[in-house]
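If you want the building blocks of each chain, they are given just below.
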Amino acid sequence: MRKWEAQERKWEEQKAEAERDRAEQARKWEEQKAEAERDRAEQARKWEEQKAEAKRDREAQAKKWDEQARKWEEQKAEAERDRAEQARKWEEQKAEAERDREAQAKKWDEQARKWEEQKAEAERDREAQSHKWDEQARKWEEQKAEAERDREAQSHKWDEQARKWEESNRHFDRVHEEIMAQARKFDRSIGALGARWGIQSERAFRNALAGILEENFGVEVINVNEFDDDGTVFGRPEQIELDVIIKNGILLICELKSSIDKAGMYSFERKARWYEARHQRQAQRLIVISPMVDPRARQVADKLGIEVYHDSTDVDSLDV
């Protein structure tokens, strides 16, 4: 009997101890649950703050793009007015030249009429006074020589007019080419907006800028695409893309983009230094060509010694 009582007592003690263990585990579980809830609330708060900040940045960026687009529209309208004015002047010059030609034709007609009158009079004189033929022939030759001199003088005036016309045409062609160059530059700016908004590819825009450099300076813009195994540039292994120009042994590293911000400028400088270290060669110039450059990115470029141009045609030279 005592054995069963002892066994019963041990059983109750074990049961009580197990109950205490379960209570302790439940308490720890509730504490962990409460701590996890606090962590989730903190993460949710930080996420909302980051989301709000990102929204403010997007709104500010959108405002800047709208302002830039407005300026481009104003430039486009001004270029259109210039083209219209040139067209008007061209039409005025064309009309004036037409009036000159008509006046010359009228003079020629009048000269021809007088010539026919003189010829008819000479014929009547020959028929009526054959004995005066020699004298009339002499006068005829004199008149013929004078008419020849008149024709030569008129021909000289016409050649002078043609020369002035050619000069006017060449001047118009030069003005037209300048206008078209500005139009092409404006089209590239619109293309930058297209690349930025996904209307055309960034690759197509880059190729356009590279093509202008190659045409203007007789160089080859080499697109380098290499892999950064150590993650030096972006903090993890990643593909690195750059444009390089080698001219007379001089290395130039370029970034040809439709738009660039502060982070992009820092990224370009890191990529350039990574390329120098990888190939053990120092670049003499770092060049960024982009129609849309964030003002903060330009400050970074000045600090890092990076040249910034809005268009490939703005680059004066690729020499050091």
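Let us look at the structure shown here.

Calculation rules
Residues numbered from 1 in each chain as written. Predicted model: local features only at pLDDT ≥ 70, side-chain atom pairs only at ≥ 80, totals over all residues. Heavy atoms only, no water. Helix = DSSP H or I, 4+ residues; strand = E, 2+ residues; numbered from the N terminus. Buried < 20%, exposed > 50% of the residue type's maximum accessible area, 1.4 Å probe, protein only. Contact = heavy atoms within 4.5 Å. Areas by Shrake-Rupley, 256 points an atom, 1.4 Å probe, with all protein chains shown as cover. Salt bridge = Lys/Arg side-chain N within 4 Å of Asp/Glu carboxyl O. Expected span 1.5 Å × (residues − 1). Arc of directions from axis to C-beta. Pairing = 2+ DSSP bridges. Axes fitted to C-alpha atoms, helices over the stretch in contact; angles between N-to-C directions.

## With respect to the overall build of the protein chain
Step number 1: Helices and strands together make up the secondary structure of the protein chain, namely five helices and seven strands.
Step number 2: In the protein chain, the order of α-helices and β-strands from amino to carboxyl end is α-α-α-β-β-β-β-α-β-β-α-β.
Step number 3: When the 320 residues of the protein chain are sorted by exposure, 26% land in the buried category.
Step number 4: Taking the contacts inside the protein chain whose residues are at least 6 apart along the sequence as the reference set, 63% of them involve residues at least 24 apart.
Step number 5: Surface accessibility of the protein chain: about 22800 Å² in total, with carbon and sulfur atoms responsible for 48%.

## Description of the pattern of salt bridges
Step number 1: Enumeration according to the criterion identifies 29 salt bridges in this entry.
Step number 2: Note that glutamate 49 and arginine 45 form a salt bridge whose closest N and O atoms lie 2.5 Å from each other. Placement of both glutamate 49 and arginine 45 in helix α1 (residues 2-128) is noted, with a separation of four residues, approximately one turn of the helix.
Step number 3: Note on glutamate 49: relative accessible area 46%, which makes it partly exposed.

## Thoughts on unusual backbone geometry
Step number 1: Look at asparagine 248: it is not a glycine, yet its phi comes out positive at around 50°.
Step number 2: With respect to the secondary-structure elements, asparagine 248 resides in the loop between β2 (238-247) and β3 (250-256).

## Let's talk about helix α3 (residues 202-217)
Step number 1: Over its 16 residues, α3 extends 23 Å from the first C-alpha to the last, a length consistent with the 22 Å expected when each residue adds 1.5 Å.
Step number 2: Burial in α3 covers these residues: Phe205, Arg206, Leu209, Ala210, Ile212, Leu213 and Phe217. Projection of α3 onto a plane perpendicular to its axis shows the buried side chains occupying an angular sector of 150°, all on one side.
Step number 3: Once α3 ends, the next one or two residues include glycine 218, with phi positive near 60°.

## Brief notes about the sheet that holds strand β7 (residues 307-309)
Step number 1: Reading across from one edge, β1-β2-β3-β5-β7 is the order of the five strands in this open sheet, with mixed pairing throughout. A strand with exactly one partner marks an edge of an open sheet, and here the two such strands are β1 (222-228) and β7. Between one strand axis and the next, the sheet turns by 35° as a mean value, whatever way the strands run.
Step number 2: Here β2 runs beside β3; their pairing, made up of five bridges, is antiparallel. Across the sheet, the residue bridging to isoleucine 245 is leucine 252, located in β3.

Without other data, these values stay purely geometric and don't point to any function.
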